[in-house]
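Listed below are the residues making up each chain.
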Amino acid sequence: MDKIGDVIDFFEKSDNLSLIWRPHPLIESTLRNMYSELIPIYIKLVERCKKTENCIFDDTDDMHTAMAWSDAFMGKYGSMIELYRVTTKPTIMLEIGEKTNFESDGIYDEEGLKANVSKGQVIREKDYGLGNLIDFSMKYQRDEVEYDINQMDGKKIYDFAIKAAKMKMN
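Scoring rules and cut-offs
Residues numbered from 1 in each chain as written. Predicted model: local features only at pLDDT ≥ 70, side-chain atom pairs only at ≥ 80, totals over all residues. Heavy atoms only, no water. Helix = DSSP H or I, 4+ residues; strand = E, 2+ residues; numbered from the N terminus. Expected span 1.5 Å × (residues − 1). Buried < 20%, exposed > 50% of the residue type's maximum accessible area, 1.4 Å probe, protein only. Arc of directions from axis to C-beta. Axes fitted to C-alpha atoms, helices over the stretch in contact; angles between N-to-C directions. Parallel < 35°, antiparallel > 145°, perpendicular 65-115°, else oblique. Left-handed = near helix turned anticlockwise from the far one by under 90°. Contact = heavy atoms within 4.5 Å. Nonpolar A, V, L, I, M, F, W, Y, C, P; charged D, E, K, R; others polar. Disulfide = S-S within 2.5 Å. Pairing = 2+ DSSP bridges. Polar contact = N/O pair within 3.5 Å; in protein donor to acceptor, adjacent residues only side chain to side chain. Phe/Tyr/Trp six-rings, centres within 6.5 Å; stacked < 30°, edge-to-face > 60°.

Taking 1.5 Å as the rise per residue, helix α3 (residues 39-51) with 13 residues should run 18 Å; its terminal C-alpha atoms sit 18 Å apart, in good agreement. All buried positions along α3 are accounted for by I39, Y42, L45, V46 and C49. Take α3 and look down its axis: the buried residues cluster within an arc of 125 degrees, on one side only. Of the exposed residues in α3, the ones pointing more than 90 degrees away from its buried face are K44 and K51.

Take a look at the structure:
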């Protein structure tokens, strides 16, 4: 919960960034059943996000719209990272339980990061610092002609990922 709070803190102070927060659909029921003491903290975080002008709390069944409209993904490892990698947008894996460094010192290999993103590789927060990765994500531009995104592209991404997974299993 600390990491989520840190991220919301950062976005509350950033007037040129927006956050789409899509918690796992089972997070609330999991917390209620296994960590009921965390429910009040989770509910406060949800309310903070909903009250923050540049934070969108997305608990809809449609993950594809958020994937299509977002510029980057930040989260822990899971199925969303695997789906998001094929978007060729920055896909950042957060280090849960570690203190987040939101400062950007501008010292990172931008061309190397671009190459990794274009290959669908996951970028780890611990390797660059979240501040540098947010800075990179803000500057990262894809060829808009090649990657003209509309709301249905999320569904195409999902279908592609499922097809690729099935091919890998065969």
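Next comes the rest of the account.
Turning to the packing of helix α1 (residues 2-12) against α3, a few remarks are in order. Direction vectors running N to C along α1 and α3 enclose 15 degrees, while the axes themselves pass 11 Å from each other. Viewed along their axes, α1 and α3 adopt a mutual orientation that is roughly parallel. Once α1 is placed against α3, the crossing between them reads as left-handed. On α3, the residues touching I4, G5, I8, D9 and E12 of α1 are L45, R48 and C49. Of the residues belonging to the contact of α1 with α3, the class tally is 4 nonpolar, 1 polar and 3 charged.

The next point concerns the state of the cysteines. In total, this model carries 1 disulfide according to the counting rule given. Between the sulfur of C49 and that of C55 lies a disulfide, 2.1 Å long from S to S. When the S-S torsion is -90 degrees, as for the bridge of C49 with C55, the disulfide is left-handed. We classify C55 as buried; its relative accessible area is 7%.

The pairing of strands in a sheet comes from backbone hydrogen bonds and takes either a parallel or an antiparallel form. Spatial strand order, β3-β4-β5: 3 strands in an open sheet with parallel pairing. With one partner strand each, in any of the chains shown, β3 (73-75) and β5 (123-124) form the two edges of the open sheet. Pairing of β3 with strand β4 (residues 91-93), which is carried by 3 bridges, proceeds in the parallel orientation. When the sheet's bridge partners are listed, M74 is paired in β4 with I92.

Here the focus is the side chain of T100. Following the sequence through the fold, T100 ends up in the loop between β4 and α6 (110-118). Within the local environment of T100, its side chain forms a polar contact with the side chain of K3, the two groups lying 2.5 Å apart. Apart from residues no more than four positions distant in its own chain, T100 is found in contact with K3, D6, E125 and L130.

All right, on to α1 then. Among the residues of α1, those classed as buried are K3, G5, D6, V7, I8, F10 and F11. Among the structural elements, β1 (19-21), α3, β3, α7 (125-128) and α8 (130-139) are those in contact with the buried residues of α1.

On to the packing of aromatic side chains. What the rule picks out here adds up to 7 aromatic pairs. Arranged with centres 6.3 Å apart and planes meeting at 85 degrees, the rings of Y108 and F136 form a pair that is edge-to-face. In this pair, Y108 is assigned in the loop between β4 and α6 and F136 in helix α8, connecting sequence segments 28 residues apart. Judged by its relative accessible area of 1%, F136 falls in the buried class. With 5.4 Å between their ring centres and 45 degrees between their planes, F136 and Y140 make a pair best called tilted. Aromatic rings pair up to connect F10, F11 and F102 into one cluster.

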